[in-house]
Amino acid sequence: MAAKSALRARLLAARRAVPPELHDAEAAALAAHLDRLAHDTGTVCAYVPVGSEPGSAVMLDGLARRGVRVLLPVVRTEDDGTPLALMWGDYRAGSLVTARFGLLEPPQPWLAPDALAEADLILVPALAVDRRGARLGRGAGFYDRSLQFRRPQTPLVAVVRDAELLPDDLVLPSEPHDVPMTHALTPQLGLVTLGTTRNDPE
């Protein structure tokens, strides 16, 4: 746990140091990759990048313009703060509301966690991902509780900066409950298949 916390701190500091113009350029590149990736997709479960996270709402707007249904996560916890599986809501430009943890979420009505099974593609926020598919998140566990509801064949795509896709010789600490990603999406490389002996951009 200490190793994960230290790594999270380093990665978050590196993200905060990214100049705004570089962040915007990388966000545009991610949106272009996603536009090509989702050309025949009916429903995408995505999220709204906030702060220094890679990407922007431009990714969502591009999908919506193409007629893709975009579902966004809604964070809820037990009374004691224990994370619950994510609920989902339909994305409509200009309708997002500020929620807990500084997130932007769709307004009600919301869908139950098993709405994730409707997705043909799932975008997952990550601080880093290794070539095996191990993902480092923020540590709350919302996605670990939620991804069990997906269809088994649905791609799980971690959206990261190029430096956050780790080289072959570096692996992230993982636990049995961690759900591996099938792909990474980065500004320069585009879609990269994970969990294989050789990982080339698709």
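Shown above is the structure to which this text applies.
Computed from a predicted model, the values in this text were never measured in an experiment. (Residues numbered from 1 in each chain as written. Predicted model: local features only at pLDDT ≥ 70, side-chain atom pairs only at ≥ 80, totals over all residues. Heavy atoms only, no water.)

(A) Representation of the overall build of the protein. For the protein, the count of helices and strands is 4 helices and 11 strands. Relative to the globule expectation of 17 Å for 202 residues, the C-alpha radius of gyration of the protein, 16 Å, shows essentially globular dimensions. Across its three principal axes, the protein shows a C-alpha extent of roughly 45 × 40 × 35 Å. Every one of the 202 residues in the protein was classed for burial, and the buried ones make up 49%. Of the roughly 9,900 Å² that the protein leaves accessible, carbon and sulfur atoms contribute 56%. Charge centroids of the protein, computed over 21 positive and 25 negative side chains, lie 1 Å from each other. (Helix = DSSP H or I, 4+ residues; strand = E, 2+ residues; numbered from the N terminus. Rg over C-alpha atoms; globule rule 2.2 N^0.38 Å. Buried < 20%, exposed > 50% of the residue type's maximum accessible area, 1.4 Å probe, protein only. Areas by Shrake-Rupley, 256 points an atom, 1.4 Å probe, with all protein chains shown as cover. Lys, Arg positive; Asp, Glu negative; His and termini not counted. Charge placed at Lys NZ, Arg CZ, Asp CG, Glu CD.)

(B) The arrangement of the environment of Pro54 in detail. Within the secondary structure layout, Pro54 lies in the loop between β1 (43-45) and α3 (58-65). Judged by relative accessible area, which is 4%, Pro54 ranks as buried. The spatial distance from the C-alpha of Pro54 to the C-alpha of Thr186 is 8.7 Å, given a sequence separation of 132 residues. Leave out the neighbours within four places in its chain, and Pro54 touches Arg15, His23, Leu30, Tyr47, Pro49, Val159, Val160, Arg161 and Glu164. (Contact = heavy atoms within 4.5 Å.)

(C) Quick look at the sheet that holds strand β11 (residues 190-193). Reading across from one edge, β3-β2-β1-β6-β9-β10-β11 is the order of the 7 strands in this open sheet, with mixed pairing throughout. Pairing within the sheet leaves two strands with one partner each, and these edge strands are β3 (87-90) and β11. When the angles between neighbouring strand axes are averaged without regard to direction, this sheet yields 30 degrees. Across 2 bridges, β1 lies against strand β6 (residues 121-125) in parallel orientation. When the bridges of β6 are listed, Cys45 appears paired with Ile122. Across the sheet, helix α2 (residues 20-37) lies against β6, β9 (156-159), β10 (183-186) and β11, angled at about 135 degrees from β10, the strand it touches most. (Pairing = 2+ DSSP bridges. Axes fitted to C-alpha atoms, helices over the stretch in contact; angles between N-to-C directions.)

(D) Looking closely at the pattern of salt bridges. Considering all chains together, one arrives at 10 salt bridges under this definition. In this structure, the salt-bridge partner of Lys4 is Asp178, at a minimum N-O distance of 3.6 Å. Taken together, the positions of Lys4 in helix α1 (residues 2-16) and Asp178 in the loop between β9 and β10 put the pair 174 residues apart, joining distant regions of the chain. Of the charged contacts in the structure, one is a salt bridge between Glu164 and Arg15, with a shortest N-O distance of 2.8 Å. Of this pair, Glu164 sits in the loop between β9 and β10 while Arg15 sits in helix α1, and the two are 149 residues apart along the sequence. (Salt bridge = Lys/Arg side-chain N within 4 Å of Asp/Glu carboxyl O.)

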